[in-house]
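Now for the letters of each chain:
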Amino acid sequence: MSQTVGKTRLAYSRTWHYVDVGTDSRSLGRLASSIALTLMGKNKPVYDPSTDCGDYVVAVGCHDLHTTGKKRFQKKYYTHTTRPGSLRTMTMDKMFEKWGGGEVLRRAVRGMLPKNRLRDKRLARLKTFEGLAHPYKENIVKVGTQSTIGNLPEVQQAFMEAKASQ
């Protein structure tokens, strides 16, 4: 039996998922972990850790990112240029002011992706936006767990024609 049975181009094709962070009731960590799983492709039956088969994720409304406890004021992000004395710290609140909630979400997802050569490629498929407007409206296939493909009139008409021909 061949090892390529079921591993078609359609199985490896990338889907665009839509996440509205502002209306999502999950906190930052839970939201970031589900985004990381989608970017890795763990929701697909052809998942392989050494293959990059993940999907795109468009996260909108990042200015309304929800955190629990006092993380917004106590969590610190560190940067270092490898030069002596160059360690810089920034709280999550300052990061919201300077770069917005998209960068906070991006860093949370980055920490949850595997630390290998595919991490930057996977993270590049995460598109974050502060507001609700984004340029990827035509690409969106899934909103949360709901598929938008089945709601298109062309697809419904094609299904009706297929049923009629049987």
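Residues numbered from 1 in each chain as written. Predicted model: local features only at pLDDT ≥ 70, side-chain atom pairs only at ≥ 80, totals over all residues. Heavy atoms only, no water.

Student: Help me understand the packing of helix H4 (residues 92-99) against helix H5 (residues 101-112), please; the structure alone is not making it clear to me.
Tutor: To describe two helices that pack against each other, one gives the angle between their axes and the distance between the axes. Packing of H4 against H5 leaves a shortest axis separation of 7 Å and a crossing angle of 125°. Comparing the axis directions of H4 and H5 gives the class oblique. Contact with H4, carried on its side by Met-92, Met-95, Phe-96 and Trp-99, involves Gly-101, Glu-103, Val-104 and Arg-107 of H5 and no other residues of that element. (Axes fitted to C-alpha atoms, helices over the stretch in contact; angles between N-to-C directions. Helix = DSSP H or I, 4+ residues; strand = E, 2+ residues; numbered from the N terminus. Parallel < 35°, antiparallel > 145°, perpendicular 65-115°, else oblique. Contact = heavy atoms within 4.5 Å.)

Student: Help me understand the side chain of Arg-119 in this model?
Tutor: By the secondary structure assignment, Arg-119 is in helix H6 (residues 119-123). Buried charged residue Arg-119 carries no salt bridge. Nearest counter-charge: Asp-120, at 5.0 Å. Within the structure, Arg-119 has its side chain in polar contact with the backbone oxygen of Arg-110 (distance 3.2 Å). Each residue touching Arg-119, except ones within four places of it in the same chain, is listed here: Arg-110, Leu-113 and Pro-114. (Buried < 20%, exposed > 50% of the residue type's maximum accessible area, 1.4 Å probe, protein only. Lys, Arg positive; Asp, Glu negative; His and termini not counted. Salt bridge = Lys/Arg side-chain N within 4 Å of Asp/Glu carboxyl O. Polar contact = N/O pair within 3.5 Å; in protein donor to acceptor, adjacent residues only side chain to side chain.)

Student: What is the right way to look at the packing of aromatic side chains in this model?
Tutor: The way to describe two aromatic rings as a pair is by their centre distance and the angle between their planes. On inspection of all chains with the given rule, the structure shows 3 aromatic pairs. For the ring pair Trp-16 and Tyr-56, a centre distance of 4.2 Å and an interplane angle of 0° mean the geometry is stacked. Pair noted here: Trp-16 is in strand S1 (residues 16-20) and Tyr-56 is in strand S2 (residues 56-60), with a separation of 40 residues, a long-range link. Exposure remark for Trp-16: the relative accessible area of 13% places this residue in the buried category. Judged by relative accessible area, which is 22%, Tyr-56 ranks as partly exposed. Pairwise contacts between aromatic rings join Trp-16, Tyr-56, Phe-129 and Tyr-136 into one cluster. The positively charged end of Arg-72 is found above the aromatic ring belonging to Phe-96, 3.7 Å away from the centroid. Over the aromatic face of Tyr-77 sits the side chain of Lys-75, whose NZ or CZ is 4.9 Å from the ring centroid. (Phe/Tyr/Trp six-rings, centres within 6.5 Å; stacked < 30°, edge-to-face > 60°. Lys NZ or Arg CZ within 6 Å of the ring centre and 35° of its normal.)

Student: How do you make sense of unusual backbone geometry when you look at a structure like this?
Tutor: Trans is the common state for peptide bonds, and a negative phi is the common state for residues other than glycine. Of note in the backbone geometry, Thr-82 takes a positive phi value of approximately 70° without being a glycine. Considering the arrangement of structural elements, one finds Thr-82 in the loop between strand S3 (76-79) and strand S4 (88-91). Its relative accessible area of 70% is what places Thr-82 among the exposed residues.

Student: What should I look at first to understand H5 in this one?
Tutor: Because an α-helix packs 3.6 residues into every turn, residues spaced three or four apart end up facing the same way. For H5, spanning 12 residues, the distance from its first C-alpha to its last is 17 Å, which sits close to the expected 16 Å at 1.5 Å a residue. Every buried residue of H5 is accounted for by Gly-101, Gly-102, Val-104, Leu-105, Ala-108 and Val-109. Projected down its long axis, H5 shows its buried positions confined to an angular sector of 160°, all on one face. The secondary structure elements touched by the buried residues of H5 are helix H2 (28-40), S2, S3, H4, H6 and strand S5 (126-128). (Expected span 1.5 Å × (residues − 1). Arc of directions from axis to C-beta.)

Student: Would you explain the pattern of salt bridges in this entry?
Tutor: Two side chains of opposite charge can pair, provided their charged atoms sit close to one another. What the rule picks out here adds up to 8 salt bridges. With its nearest N and O atoms 3.5 Å apart, the salt bridge here joins Asp-52 to Arg-122. In this pair, Asp-52 sits in the loop between H2 and S2 while Arg-122 sits in helix H6, placing the two residues 70 residues apart along the sequence. Arg-122 matches Asp-52 in its accessibility class, with the two residues each being buried.

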